[in-house]
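A look at the structure
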Amino acid sequence: MDPFADRRLSMVDSQLRTNKVVDEALIAALSELPREDFVPDRLAPVAYVDKDLPLEGGRFLMEPMVFARLVQMLQLSPGDIVLDIGCGTGYSSAVLARLCSTVVALECDPALAEAARRNLARADIDNVIVVDGELAAGYPDQAPYNAILVGGAVPEIGTALTAQLAENGRLAAVVTRGSPPGRATCAVRGGGGVSQRVAFDAGTLPLPGFEKAERFVL
């Protein structure tokens, strides 16, 4: 018997469904994936609480509700190729892998990247490739992407990332524009430009590496 099954169900029912997460494929992925396998052992008992969970090196696993709503904003399709910026221990990539064709999981911390590879292999997920690199630069070698997820709050997002979107590609991030709270923002590339919309406020922790990012060019 899965000792975390009830906590996983409670997360879905009390944190997600009550906060406008309605995508059934996403809910199924979050209901089935063992979030406790992607955090340090000492945090497994609190893996499903509604807050960011600390990882190594000042990084974190994003709060379930904020994470789910960001993913939902991407409106993923089974054939999509997705860039997961700041994949950490691999949980976000594992969820995305259930919803699209291929995930490129970008990580700047070698220890976290290795943990992500181990965790994804243990979960028998074979449509994610973990790559090393600076987060703010994205991963142009595999561009263009149908969707990009930024795994933490950033002051702004530059053209280095939006240029890696395919036509009609979507990018979801919590953007602070220099001061809290952050705003969950979806940017869409199309017609020679990038449009954006703000969905909700989010007190998400900062993602390192974006301190000198360029502004959106719309």
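See the structure printed just above.
Reference entry: report on the structure contained in this document. (Residues numbered from 1 in each chain as written. Predicted model: local features only at pLDDT ≥ 70, side-chain atom pairs only at ≥ 80, totals over all residues. Heavy atoms only, no water.)

A look at the overall build of the protein chain
- Regarding its fold elements, the protein chain presents 6 helices and 9 strands.
- By the compact-globule yardstick of 17 Å for 218 residues, the protein chain fits well, its C-alpha radius of gyration being 16 Å.
- Out of the 218 residues belonging to the protein chain, those deemed buried represent 53%.
- For the protein chain, restricting intrachain contacts to residue pairs at least 6 apart in sequence, the fraction spanning at least 24 positions comes to 56%.
- For the protein chain, the exposed area adds up to about 9800 Å²; of that, 51% sits on carbon and sulfur atoms. (Helix = DSSP H or I, 4+ residues; strand = E, 2+ residues; numbered from the N terminus. Rg over C-alpha atoms; globule rule 2.2 N^0.38 Å. Buried < 20%, exposed > 50% of the residue type's maximum accessible area, 1.4 Å probe, protein only. Contact = heavy atoms within 4.5 Å. Areas by Shrake-Rupley, 256 points an atom, 1.4 Å probe, with all protein chains shown as cover.)

Examining the packing of aromatic side chains
- Scanning all chains against the criterion turns up 3 aromatic pairs.
- On the basis of an interplanar angle of 50° and a centroid distance of 5.9 Å, the ring pair of F67 and Y91 is categorised as tilted. Taken together, the residues F67 in helix α3 (residues 64-73) and Y91 in helix α4 (residues 91-97) connect sequence positions 24 residues apart.
- Taking the relative accessible area as the measure of exposure, Y91 reaches 1% and is therefore buried.
- In this structure an aromatic cluster arises from ring pairing among F38, F67 and Y91.
- Directly above the ring of F200 sits R69, whose terminal nitrogen or CZ lies 4.0 Å from the centroid. (Phe/Tyr/Trp six-rings, centres within 6.5 Å; stacked < 30°, edge-to-face > 60°. Lys NZ or Arg CZ within 6 Å of the ring centre and 35° of its normal.)

Structural notes on the layout of surface pockets
- For the largest pocket, the calculated volume is near 240 Å³.
- In terms of lining residues, the largest pocket is bounded by 15 residues, among which V39, T89, A115, R118 and N119 are the most central.
- Class assignment for the residues of the lining of the largest pocket results in 7 nonpolar, 2 polar and 6 charged.
- Considering only enclosed or pocket space, the second largest pocket measures out at about 180 Å³ in volume.
- Taken together, 16 residues line the second largest pocket, and the ones lying closest to its centre are A153, T176, T204, L205 and P206.
- Along the lines of polarity and charge, the residues of the lining of the second largest pocket split into 10 nonpolar, 5 polar and 1 charged. (1 Å grid on protein atoms, 1.4 Å probe; cavity = no way out; pocket = protein on both sides within 12 Å on 5 of 7 lines; lining within 4 Å. Points joined across faces, edges and corners; volume = space filled by probe spheres on them. Nonpolar A, V, L, I, M, F, W, Y, C, P; charged D, E, K, R; others polar.)

Observations concerning the side chain of R8
- Turning to its location among the elements, R8 is positioned in helix α1 (residues 5-16).
- The exposure class of R8 is buried, given its relative accessible area of 4%.
- Of note is the side chain of R8, whose polar atom sits 3.1 Å from the side chain of E36.
- Excluding residues within four positions of it along the chain, R8 makes contact with D2, L30, S31, E32, L33, P34, E36 and Y48. (Polar contact = N/O pair within 3.5 Å; in protein donor to acceptor, adjacent residues only side chain to side chain.)

Remarks on the environment of V49
- One can find V49 in the loop between α2 (24-32) and β1 (53-54).
- As a C-alpha pair, V49 and M65 span 16 residues in sequence and 10.0 Å in three-dimensional space.
- Those residues in contact with V49, other than ones at most four positions away along the chain, are Q15 and P64.

Things to note about the pattern of salt bridges
- Here the structure, examined in full by the defined rule, presents 10 salt bridges.
- The partner of R98 in a salt bridge is E32, with the nearest N and O atoms 2.6 Å apart. Of this pair, R98 sits in the loop between α4 and β4 (102-107) while E32 sits in helix α2, placing them 66 residues apart in sequence.
- Taking relative accessible area as the criterion, E32 reaches 48% and is therefore assigned partly exposed. (Salt bridge = Lys/Arg side-chain N within 4 Å of Asp/Glu carboxyl O.)

Some remarks on the sheet that holds strand β5 (residues 128-132)
- Ordered by their spatial adjacency, 7 strands build an open sheet running β5-β4-β3-β6-β7-β8-β9, and the pairing between neighbours is mixed. A single partner strand is all that each edge strand has here, and the edge strands are β5 and β9 (193-202). For this sheet, the mean angle separating the axes of adjacent strands, direction not counted, is 15°.
- Both strand β7 (residues 165-175) and strand β8 (residues 182-190) contribute to a ladder of 6 bridges, which runs antiparallel. Among the inter-strand pairings, A173 is bridged to a residue of β8, identified as T185.
- In this fold α3 packs onto β6 (145-154), β7, β8 and β9, with an angle of close to 155° to the strand it touches most, β9.
- Its contacts with the sheet place helix α5 (residues 110-122) against β4 and β5, and it is angled at close to 170° to β5. (Pairing = 2+ DSSP bridges. Axes fitted to C-alpha atoms, helices over the stretch in contact; angles between N-to-C directions.)

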